[in-house]
Amino acid sequence: MTGSVDDCVKHITCSVDHKLCMYRQCISCCSKQMAFAEDVAEDTDVCWWAWVNKSEQRVRRQADGTETEFTVRITSKVKQMGSLASLKEQFTQEIKQYCIHKYNIIPQHTELKNLRANLKSNECVILVDFSENYSTKYSTEIQSVHFGASRSQVTLHTGVYYTSCGKESFCTISSNLRHDPAAIWAHMRPILTKIKYKYPDITVVHFISDSPSSQYRCVKNLYLMKTLMHQEYGFQHVTWNYTEAGHGKGPADGIGGVLKRTADEVVNAGNDIPDAATLYHSLQKKTCVDLYMVTDADIANIDAIIPTAKTLNALKFPGIMQVHQIRSTARDFSLQHRILSCFCSDLCDFFQPKVVWANVNVSKINDSDKSVSDVSDTRQVAFIATTKKGAAKCRKNEKVKGRAQKSSNVARKVKSRKAKCRSDRQSKQKSSDRRRPLLAERHDVEPKMTIRKPVWWQKRQQLMSGLQCLFIMIIQKFYLIALIYHKMTRL
Ligand SMILES: [Zn+2]
Ligand SMILES: [Zn+2]
């Protein structure tokens, strides 16, 4: 009697922490079977629900009336009927898959989390994911826009790159709805160019993505990684790490969600977003996420360096769907892959990495196909030129920005000084305004201005008043003498 699936796993393995046990390769436990209750007969009819993947043919009607058939893959919950024995058989098969998933999910998640937290100065982690396509909208729509195929879509490739200095989120926007490896690398190019320019010391790049086989987990994507990352961008070591299926939402999903909500707010405010370019311009004013446009020509440029299907077939290796890490170096054309990621060193051989493409003759690929080396050489030259041009442009921009900042700093200083003076004057005025009625109240009169005169002025005043007194005294004496003389002469 077991309470959960995890109890079932414990029941059939020696340890849930050992890879051999969980991959059902351990000699002691690989033959251990689930112990089912035996009180019900094996041939009893039972029914159960199961998630079933199936392909379905659908018909698309074109504008000219012709119909084209296409295949879609759908997952649905299906009620299944059968004997108890067949249910037991199906459960035993499913639990094997679950053991592998359970062993992978926690170490892979922990390893990728630790990598982001402890990055060296020469390392960069790029986490990428395609967001669900954005359906263009008008602020007011007639009914036929909602129902017909009038609503066009826009591809959003979102992600975050982490360096030892911090992280930055980005989104590349395109009207091209391709999500295949050529499109992925066209969407990656502006981001890689920016990283290369902004952090020239970075030599090691780790990619993190989920693992859809038509996008990131395929030979074409790995071939482009090898060609572009080493030959065009000159990175020394590159790893591509796949998250285990069912890992939940990541930061890239969050960025997609925020951008779509911002776009919807723009539409709700009365603006139309009929195409990718309008979406790009509308979002640029509203978000701090780095935005770039990707054109059909950008994707066609990548298409030009993909080798023929025959060559790609020759590059296929078994077990690509089980691996979680691909390692690549600029030294040679080979790749290493292993079931889980580890970042302790470039030469770490934990999880027994396997080498592939070691015997691939690169020059032969290049000769037989569209001369990859020529294309990548010219591309490399073009890249150096563009980065040089870009660097010069950036430096110029920075200079202009610096100058503008300098002048704006001076202007700000002058402005702040003026404002300070004004506020001082105002506060003085205010304080004097406040003081004046107080003084007037206290003395009931306007206070008299008393000017303190200099010392020489005071002495002069004293001298003047002294002379004045002397003059008056002399006049008085003269007057007295004159009076006495007049009286004596009368007698
Ligand atoms: Zn075991
Ligand atoms: Zn290691």
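Residues numbered from 1 in each chain as written. Chains lettered and ligands numbered in written order. Predicted model: local features only at pLDDT ≥ 70, side-chain atom pairs only at ≥ 80, totals over all residues.

Attention now goes to the overall build of the chain. When its secondary structure is counted, the chain shows 13 helices and 11 strands. When the 491 residues of the chain are sorted by exposure, 23% land in the buried category. (Helix = DSSP H or I, 4+ residues; strand = E, 2+ residues; numbered from the N terminus. Buried ≥ 20, exposed ≤ 12 C-beta atoms within 10 Å, placed from the backbone.)

This brings us to the nonpolar core. Ranked by size, the top nonpolar core spans 60 residues in total, and within it I126 and L279 carry the most contacts. Top element by residues in this core is helix 5 (residues 181–198). It accounts for nine residues. Setting aside residues no more than four positions away along its own chain, I126 makes contact with G159, Y161, I191, V205 and F207. (Core = buried A, V, L, I, M, F, W, Y, C linked by C-beta atoms within 7 Å. Contact = placed C-beta atoms within 7 Å.)

Each pair of packed helices can be described by the angle between their axes along with the distance between the axes. Two numbers describe how helix 5 lies on helix 6 (residues 219–232): the axes approach to 9 Å, and their chain directions differ by 35°. Helix 5 and helix 6 meet at a crossing whose hand is right-handed. Where helix 5 abuts helix 6, its residues P181, I184 and W185 lie against K220, N221, L224 and L228. Broken down by class, the residue content of the contact of helix 5 with helix 6 amounts to five nonpolar, one polar and one charged. (Axes fitted to C-alpha atoms, helices over the stretch in contact; angles between N-to-C directions. Left-handed = near helix turned anticlockwise from the far one by under 90°. Nonpolar A, V, L, I, M, F, W, Y, C, P; charged D, E, K, R; others polar.)

Our focus in this paragraph is the sheet that holds strand 10 (residues 335–338). As summarised here, the arrangement of the nine strands in space is 8-5-4-3-6-7-9-10-11, forming an open sheet in which the pairing is mixed. Two strands lie at the open edges of the sheet, namely strand 8 (290–294) and strand 11 (354–356), each paired on one side alone. Across the sheet, the mean angle separating the axes of adjacent strands is 25° when strand polarity is ignored. Bridge count between strand 10 and strand 11: three bridges; the pairing is antiparallel. Each bridged residue has a counterpart across the sheet, and for H337 the counterpart in strand 11 is K354. Across the face of the sheet, helix 8 (residues 276–284) comes into contact with strand 3 (123–135), strand 4 (153–163), strand 5 (166–174) and strand 8 while running at roughly 165° to strand 8. (Pairing = 2+ DSSP bridges.)

All right, on to unusual backbone geometry then. The backbone of R24 sits at a positive phi, close to 60°, despite the residue not being glycine. Note on placement: R24 falls in the loop between helix 2 (19–22) and strand 1 (45–61). In this structure, F351 takes a positive phi of about 65° despite not being glycine. Examined against the element boundaries, F351 turns out to sit in the loop between strand 10 and strand 11.

Taken N-terminus to C-terminus, the directions of helix 5 and helix 9 (residues 296–303) make an angle of 115°; their axes are 8 Å apart at the nearest point. Once helix 5 is placed against helix 9, the crossing between them reads as right-handed. For the pair helix 5 and helix 9, contact is made by A182, A183, W185, A186 and R189 and by D298, I299, I302 and D303, respectively. Here the residues of the contact of helix 5 with helix 9 sort into six nonpolar, no polar and three charged.

This paragraph deals with the confidence of the model for the chain. In this model, the chain carries a mean pLDDT of 79, and residues with pLDDT of at least 70 account for 77%. Overall, residues 370–411 carries pLDDT values under 50, and its contacts beyond four positions in sequence, including any with other chains, amount to 26 contacts. Considering only residues more than four positions removed or in separate chains, one finds that residues 423–451, a stretch of pLDDT under 50, has two contacts. (pLDDT = per-residue confidence, 0-100.)

Next up on the list: the environment of D264. With respect to the helices, strands and loops of the structure, D264 is situated in helix 7 (residues 251–268). For the pair D264 and K137, spaced 127 residues apart in sequence, the C-alpha to C-alpha distance is 8.1 Å.

All right, on to helix 5 then. It helps to recall that an α-helix has 3.6 residues per turn; residues three or four apart then point in one direction. Spanning 18 residues, helix 5 covers 25 Å between terminal C-alpha atoms, matching the ideal 26 Å at 1.5 Å per step. By the largest-angle criterion, R189 marks the main kink of helix 5, which is about 35°, and a proline, P190, follows within four residues. (Expected span 1.5 Å × (residues − 1). Bend = angle between axes of the 7 residues up to and from the residue.)

Before going further, it helps to examine the pairing of strand 7 (residues 237–242). Taking burial as the measure, the six residues of strand 7 include five buried ones, the bulk of the element. Looking at chain direction, strand 6 (residues 204–209) and strand 7 are connected through six bridges and run parallel. Across the sheet, I208 pairs through a bridge with N241, a residue of strand 7. Handedness of the strand 6-helix 6-strand 7 crossover: right-handed. (Right-handed = clockwise from strand over helix to strand, strands pointing away.)

Another point: the environment of V238. Positionally, V238 belongs in strand 7. Measuring from C-alpha to C-alpha, the distance between V238 and E123 comes to 9.7 Å, with 115 residues separating the pair along the chain. Excluding residues that lie within four positions of it along the chain, V238 makes contacts with V205, M225, M229 and S328.

What follows deals with helix 7. Taking 1.5 Å as the rise per residue, helix 7 with 18 residues should run 26 Å; its terminal C-alpha atoms sit 26 Å apart, in good agreement. When helix 7 is considered as a whole, its buried residues turn out to be A252, I255, G256, L259, A263 and V266. For helix 7, the arc enclosing every buried residue in end-on projection is 100°, short of the 170-degree limit, so these residues lie on one face. In helix 7, the exposed positions angled more than 90 degrees off the buried face are occupied by R261, E265 and N268. Where helix 7 is buried, its residues meet strand 3, strand 4, strand 5 and helix 8. One or two positions beyond helix 7, positive phi appears at G270, with a value near 105°. (Arc of directions from axis to C-beta.)

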